[in-house]
Amino acid sequence: MSIATERANRRRRSGGARPDSPGGRTPPTPSGGPAVLGFCRRHWRPVSLVGIGVVLLILWATLKGLDTLELGGADKTDFQLWLNSVRDAFDSARTNSFVFQHIVQPITDGVNGLVTSLQGIFSQASDGRPVPEIGWLGVVALLAWLALAFAGVRSMLLVGVCVLLFGFLGYWAQSIDTLIVTFFAVGICTVAGLPLGIVMARSRRVSAAVSPLLDLMQTLPSFAYLAPLALVFGIGPAAAIVTTIIYSLPPLVRIAEHGIRGVSPATLEAVTSMGSTPWQALMKVQLPMARRTIVVGINQCTMAALSMATIAALINGPGLGTPVLQALQSLDVGSAFVSGLDIVLMAIMLDRTTTRASERSGIEARMQRGSGVGQTGTFGGQQMRRTIIIAGAVVAAVAIYLSHIYLALSKFPASPDLGTPLAKAVPAATDWTVGTFSGFTEWLRNTVTALLVDPLQSVLAQSPWWAMALALLGIAFVLAGRRAAIVTIVCEAVILGSGLWNESMKTLATTLVAAFVVVLVAVFLGVWMGRSKPADSVIRPVLDAFQTIPSFVYLVPALALFGPTRFTAIVAAFAYGVPIATKLVADGIRGVSPVAVEAAESLGTASWQMIAKVQLPMARAAVVLAANQGLLYVLSMVVVGGLVGGGGLGYLVVAGFSQSQLFGKGLAAGIAITALGVMLDRITQHATARFGSTR
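Cut-offs applied
Residues numbered from 1 in each chain as written. Predicted model: local features only at pLDDT ≥ 70, side-chain atom pairs only at ≥ 80, totals over all residues. Heavy atoms only, no water. Helix = DSSP H or I, 4+ residues; strand = E, 2+ residues; numbered from the N terminus. Contact = heavy atoms within 4.5 Å. Axes fitted to C-alpha atoms, helices over the stretch in contact; angles between N-to-C directions. Parallel < 35°, antiparallel > 145°, perpendicular 65-115°, else oblique. Left-handed = near helix turned anticlockwise from the far one by under 90°. Nonpolar A, V, L, I, M, F, W, Y, C, P; charged D, E, K, R; others polar. Salt bridge = Lys/Arg side-chain N within 4 Å of Asp/Glu carboxyl O. Buried < 20%, exposed > 50% of the residue type's maximum accessible area, 1.4 Å probe, protein only. Core = buried A, V, L, I, M, F, W, Y, C linked by side-chain atoms within 4.5 Å. Phe/Tyr/Trp six-rings, centres within 6.5 Å; stacked < 30°, edge-to-face > 60°.

## Thoughts on the side chain of T178
Along the polypeptide, T178 turns up in helix α8 (residues 172-202). Once residues within four sequence positions are removed from consideration, T178 is found in contact with L306, G319, L320 and M346.

Here it is in structure tokens:
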């Protein structure tokens, strides 16, 4: 044994003492402080978040119930009373204001008149006739022919079956009214949005100027649009259609810009070198090559329009939203299910048809560029397709004529009646389900409410407002930086000004609980899908189907299972937010570098280690983005959950439409919803950018 080893063993046995140290022992090395400081520097974000949470809990425990700014149900602040007076001023200005008389009112009358005319043609009794100008047979034939022309034979069959089911389920007129509102809004969006997308694609300055507005329009929950536009355009179809247009415009503009800007620069340079003008390059190259992407934008615009058209029933918009709303308010699960099923069928029909149209556009674009089948086959196929379309047009024209002449082909037949027995069967099935699984459903509702919702709501809503405001500001700064903190200050000021701080914190608590569950499930399913192609092939179609359903419809099964409670809103929000968040996580996991995965596998890494130490860290930007989208989707649905006992800001919006004296409070709730949505979006967006840049 060497001398050095012997000395080391002696020091170890003597507790680290050195012969030359005072008292025979080595003074302790002051390593505790620097180690703690080093740990805090390396992990300052989690340490800061824990510190903010601890301070907030201490303030909540000591000052609980003080300065909460809670407002009674019938109480109104000066700002809310002022909003009531603004409503009265708008009502009186309709008769003597130049802007209303010569700008707003002509638009309102024009839109209302056009909708009434379209209803007289397709769905409602017209002047001098007990039935529409075009009866049910003509409508079915016309819609089926349009599907044939744009999407093919399979879409034609799908549209024909779905449209017939609208009538067999007992909601023929309301279904056609919903299609009228949706098609009208999508048509306006296409006329206005496509040129805007083209300009944004060709001008970076225009894109930089318009993009923040589109961000805001996409961030706002759907409920936030209703009260301001009803204030301007009044209650009726005009306000419903304008609301639907504004809500569904951003996806079309953004996707059109992306498609046009994504055209190969080399192709554009080749066309320009041949002497083509910018207009010729746009019409002959960019638009044809971006056609499939533009049709995808129309698909997204259509689905957003359908979702908003149903919610617009709150401002007297025509269509299927009205029976769903009435059934939800009366807790009639059977009627809500049948009318909601009609909306689901319509969503599937529109989604599949527009998706198929985008695929066909891509095929035709490739054929025109000469990369498809041979020229002879292309010509023969095109000729056959034109012949079929012309023949279909003749059949549709004959059906339209016959439905105009014969009453039996104008008024939808009363049998077979599928809606009435289904509406009666659903409550019985619901009662059986609730009775059979009542123990589990009650346990789940009570557990989530007691362990998550109530404690979080108590901390957020029963803490002093200034403590909660500072905590949110600190979280925004730690997670997302200075810009997000500035936005948070502005949004908090707006919420305070609305007079609904306490209700906003209750809504935030419900939103955070639902978003937490959404992210947990999305990470689990997304990792599974990203690592397993069979799992992806099974789960993704289910997620696509859930993502197709308008938000209004999620309330129906949640109400049937859990009754009118806050937990019902959480369940609906969970179902609404999981699909988009899961697909984002799955795509992020799938996008992790195969080289990194192979290197980790070569070191013998276990599956859970691969997920926790390689794939999730490298896909954290996608996970944060999933949290962002999950939060926004959940907030939108939680607010709609005010219709079924969700409380919070959503309930106040609904109350503002149903009770005249609470209109100002409902409008203030819409303003608070907007501020809450913008704040959550900016925090998560900046956090996404920050974490993505540190990969």
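Structure's up, so let's keep going.
## So, the packing of helix α11 (residues 237-261) against helix α14 (residues 291-311)
At their nearest, the axes of α11 and α14 sit 8 Å apart, and the two run at 165 degrees to each other. The orientation of α11 relative to α14 falls into the category roughly antiparallel. Along this stretch, α11 crosses α14, giving a crossing that reads as right-handed. For the pair α11 and α14, contact is made by T243, T244, Y247, S248, P251, L252, I255, A256, H258 and G259 and by T293, I294, V296, G297, I298, Q300, C301, A304, A305, M308 and A309, respectively. Broken down by class, the residue content of the contact of α11 with α14 amounts to 13 nonpolar, eight polar and no charged.

## Concerning the pattern of salt bridges
For the coordinates displayed, the defined rule picks out 13 salt bridges. Note that D351 is salt-bridged to R352, the shortest N-O span being 2.9 Å. Given the relative accessible area of 10%, D351 is considered buried.

## Overview of the side chain of T568
Along the chain, T568 turns up in helix α24 (residues 566-590). Residue T568 is classed as buried on the basis of its relative accessible area, which comes to 0%. Once residues lying within four places of it in the same chain are set aside, the contact partners of T568 are A558, L559, F562, G563 and V644.

## Some details on unusual backbone geometry
The omega torsion across S415 and P416 is 0 degrees, close enough to zero to call that bond cis. Checked against the element boundaries, P416 lands in the loop between α17 (375-405) and α18 (419-462). Phi at D67 takes a positive value of approximately 55 degrees, unusual for a residue other than glycine. Tracing the chain through its elements places D67 in the loop between α3 (44-63) and α4 (78-96).

## Examining the nonpolar core
Formed by 172 residues in total, the largest nonpolar core has its most connected members in W172, F223, M349, L555 and L643. With sequence-adjacent residues up to four places away left out, L555 is seen in contact with L328, A572, M637, V640, G641, L643 and V644. Formed by twelve residues, the second largest nonpolar core is a distinct cluster that contains I198, A201, I260 and A281.

## A look at the packing of aromatic side chains
For any pair of aromatic rings, the description consists of the separation of the ring centres together with the inter-plane angle of the planes. Going through the model one piece at a time under the given rule, you end up with 13 aromatic pairs. Consider the rings of F79 and W82, whose centres lie 6.0 Å apart with planes at 25 degrees: the pair is stacked. Of this pair, F79 and W82 both sit in helix α4, separated by three residues, roughly a single helical turn. Exposure remark for F79: the relative accessible area of 28% places this residue in the partly exposed category. Note on W82: relative accessible area 49%, which makes it partly exposed. Ring geometry for F168 and F412: centres 5.4 Å apart, planes at 70 degrees, overall edge-to-face. In this pair, F168 sits in helix α7 (residues 153-168) while F412 sits in the loop between α17 and α18, placing the two residues 244 residues apart along the sequence. Of the two residues, F168 and F412, neither departs from the other in class, the shared state being buried. An aromatic cluster is built from W136, F168, W172 and F412, whose rings are joined through pairwise contacts.

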